[in-house]
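Architecture and fold: a report
This is what each chain is made of:
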Amino acid sequence: MKDYYTILGVGKDASTEDVKKAYRKLAHKYHPDMKGGDEQKFKDLNEAYQVLSDGDKRAQYDKFGRVFEEGAAGGGQSSEGFRWAWGSPGASQPDFEEGANFGFDFQDFGDIFDEFFGGAQPERRQEAKRGRDIEVELQIPLEAALKTTQQTIHITKLNTCTRCQGVGAEPGTKVKECFSCRGTGEVQQIKRTIFGSFTRVGLCPECKGEGIRPEKPCNVCKGEGRIKSEEAIPVAIPAGIDTNQILRVEGKGDAGRKKGRPGDLYIKIALKKHPVFTRKGDDLSMKKEIAFSQAVLGDEIEVPTLEGPAVLMSVPEGTKAGETLRVKGKGIPRFSGLGRGDIFVELDIQTPKKLTRAQKELLEELKKEGL
């Protein structure tokens, strides 16, 4: 078993700062890109530093002589050494003096471990054939939110080729096994690093993960199995829908490649501006002008609604400009289906710009009375 304290040349009572200083000094000396460097010693130094500079790992190492990490299979030293390399998930980046440059990009470590130790999983064949999701915006009038309505959306997208039924081969011809991947849909890719050569499995670029290739590609879709065309898609718009809400229509995105699963259609709702009402949640707000006499004496006024027919609302005596009154249950149906919002009416007292002689005389009399 490796003795990390011996590797770094520090005692068991060494502080974290002591560990860091020792590591910096030896890393400069044994870096593979430096003259006289030693790749194995450099890896051991890195492994030791990642353990002794971490309080939890160091405590485990002091107690058990090794570090147990979640997901470690058997906790072998070599696999742990890789796990703690610079740039690996969860590992801390070592500090070097400002201006130090060894001609090596430490970010490469992150790319290596992401790619070969779970960070970037190879594409699955089925997902590679899945159609693309599509997002569209649908503008509807505010009145459309009062009840569930049916809308038809016309979009141009990739649909299954009707000539070859999505197979990609000319009718009456055969499909053959892909020569490059031997029908598996996957090929091995080798990447060389300072730690050695690593092999990963990736999607076959020739057949794009299908494992087969048509003997004679379809004359219409050219072997793709799908073509671009317009489709009319019926959509139910539920009552209470609001701006920026998104509806999902499963399977109505682009068709998948070679009978792969289709994508989905996402419809983003945008309510058009209304000439009278402003929506706030499930409530509606509006402004209404009333005469001075109505504000002082009180009155009943008509308030419009989205349904069309106006409703009567009482204005109490002595109402001030800017006061807001409420008409219950005439707003937007709640998306849950339980009840409706309200209409809030902000009152604005009208000041006439032109008065008749009789009106002026009356106001003069009111002025004498202190009004």
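First, a word on scope: everything that follows refers to the structure included in this document. (Residues numbered from 1 in each chain as written. Predicted model: local features only at pLDDT ≥ 70, side-chain atom pairs only at ≥ 80, totals over all residues. Heavy atoms only, no water.)

**What about the overall build of the chain?**
Along its length, the chain carries nine helices and 15 strands. In the chain, of all internal contacts separated by at least 6 residues, the share reaching a separation of at least 24 is 64%. (Helix = DSSP H or I, 4+ residues; strand = E, 2+ residues; numbered from the N terminus. Contact = heavy atoms within 4.5 Å.)

**Notes on the packing of aromatic side chains**
Scanning the entire structure with this criterion turns up three aromatic pairs. Between tyrosine 23 and tyrosine 49, the ring centres sit 4.2 Å apart and the planes meet at 20 degrees, which makes this aromatic pair stacked. Residue tyrosine 23 is located in helix 2 (residues 16-30), and its partner tyrosine 49 is located in helix 3 (residues 39-52); the two are separated by 26 residues in the primary sequence. For the pair formed by tyrosine 23 and tyrosine 49, the shared burial category is buried. Three or more aromatic residues joined by ring pairs form one cluster here, namely Tyr4, Tyr5 and Tyr61. (Phe/Tyr/Trp six-rings, centres within 6.5 Å; stacked < 30°, edge-to-face > 60°. Buried < 20%, exposed > 50% of the residue type's maximum accessible area, 1.4 Å probe, protein only.)

**Concerning the side chain of glutamate 170**
With respect to the secondary-structure elements, glutamate 170 resides in the loop between strand 2 (149-160) and strand 3 (175-177). Excluding residues within four positions of it along the chain, glutamate 170 makes contact with Arg163, Lys216, Pro217, Cys218 and Asn219.

**Let's talk about the environment of alanine 27**
Turning to its location among the elements, alanine 27 is positioned in helix 2. What makes alanine 27 buried here is its relative accessible area of 0%. Expressed as a C-alpha distance, the spacing of alanine 27 and leucine 8, which sit 19 residues apart in the sequence, is 9.7 Å.

**Some words on the layout of surface pockets**
Estimated volume of the largest pocket: approximately 460 Å³. Residue lining of the largest pocket: 15 residues in total, with Phe292, Ser293, Pro352, Leu363 and Leu366 positioned closest to the centre. Every element with two or more residues in the lining of the largest pocket is listed here: helix 8 (292-297), strand 15 (343-350) and helix 9 (357-368). Looking at the lining of the largest pocket, its residues break down into eleven nonpolar, four polar and no charged. (1 Å grid on protein atoms, 1.4 Å probe; cavity = no way out; pocket = protein on both sides within 12 Å on 5 of 7 lines; lining within 4 Å. Points joined across faces, edges and corners; volume = space filled by probe spheres on them. Nonpolar A, V, L, I, M, F, W, Y, C, P; charged D, E, K, R; others polar.)

**Considering unusual backbone geometry**
With the exception of glycine, most residues fall at negative phi, and the peptide bonds are largely trans. With a phi close to 60 degrees, lysine 222 is a non-glycine residue in the positive phi region. The exposed category is assigned to lysine 222, whose relative accessible area is 66%.

**Focus on a nonpolar patch on the surface**
A contiguous nonpolar patch, built from Leu355, Leu363, Leu366 and Leu371 and spanning about 350 Å² of accessible area, is present on the exposed surface. Note on placement: leucine 366 falls in helix 9. Its relative accessible area of 34% is what places leucine 366 among the partly exposed residues. (Patch = residues over 30% accessible without salt bridge, like charges linked within 9 Å, V, L, I, M, F, W, Y side chains within 5 Å. Areas by Shrake-Rupley, 256 points an atom, 1.4 Å probe, with all protein chains shown as cover. Salt bridge = Lys/Arg side-chain N within 4 Å of Asp/Glu carboxyl O.)

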